[in-house]
Amino acid sequence: MAEYLHTMVRITDPAKSRAFYEALGFTFSRDMDIVRNGELEATNYFFSLGEHENVLELTFNHDGRTYELGDAYGHIAISVDDLDDTLRNLKEQGIEPEREPYQVREGGSWLTFVRDPDQYRIELIGRSAG
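Residues numbered from 1 in each chain as written. Predicted model: local features only at pLDDT ≥ 70, side-chain atom pairs only at ≥ 80, totals over all residues. Heavy atoms only, no water.

Colleague: What am I meant to see in the sheet that holds strand β6 (residues 102-103) here?
Modeller: Strand pairing in a sheet takes place through backbone hydrogen bonds and is either antiparallel or parallel in direction. Reading across from one edge, β5-β8-β7-β6 is the order of the four strands in this open sheet, with mixed pairing throughout. Because the sheet does not close on itself, it has two edges, and the strands there are β5 (76-80) and β6. Bridge count between β5 and strand β8 (residues 121-126): five bridges; the pairing is parallel. If you follow Val 80 over to β8, its bridge partner there is Gly 126. Docked against the sheet, helix α2 (residues 83-91) engages β5, β7 (110-115) and β8, running at close to 15 degrees with respect to β7. (Pairing = 2+ DSSP bridges. Helix = DSSP H or I, 4+ residues; strand = E, 2+ residues; numbered from the N terminus. Contact = heavy atoms within 4.5 Å. Axes fitted to C-alpha atoms, helices over the stretch in contact; angles between N-to-C directions.)

Below, the structure is given as structure tokens:
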């Protein structure tokens, strides 16, 4: 039987990424250094969400490399208790939604998209009225 473990995303600024994901409700769990041939190659930062432990792995490579956001990537969807409050917390970091929260269908959940510090799209879906 298969079990979902985590999603890994490469990042370029651990502090900014941590602040972003914590504002979404993730909880930092632990970090783990990757050492090869005696040199620090990367650090993995693990985050939990609710009762789900270590579901997000942010990987920072210490060699200064940059990344191109692939066009096959779509988004990560996160359900939040209070969409307006979450957007206020992100605004304090200078992060604005792509557009104001909206409903896909009448009576449906309110949602919007934001981009993390490395420009990955994150869909935010409110559990309460927007």
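Colleague: Explain the sheet that holds strand β3 (residues 39-49) to me, please; I cannot follow it from the model alone.
Modeller: Overall, mixed pairing links the four strands, which are arranged β1-β4-β3-β2 in an open sheet. This sheet does not close on itself; its edge strands, each paired only once, are β1 (7-11) and β2 (27-36). Strand-to-strand twist of the sheet, defined as the mean angle between neighbouring strand axes without regard to direction, takes the value 25 degrees. Pairing of β2 with β3 involves nine bridges; the strand directions are antiparallel. Looking at β3, one finds that Met 32 is bridged to Asn 44. The sheet contacts of helix α1 (residues 14-23) involve β1, β2, β3 and β4 (52-61), and relative to β4 the element is tilted by about 155 degrees.

Purely spatial values, then, with no claim about function.
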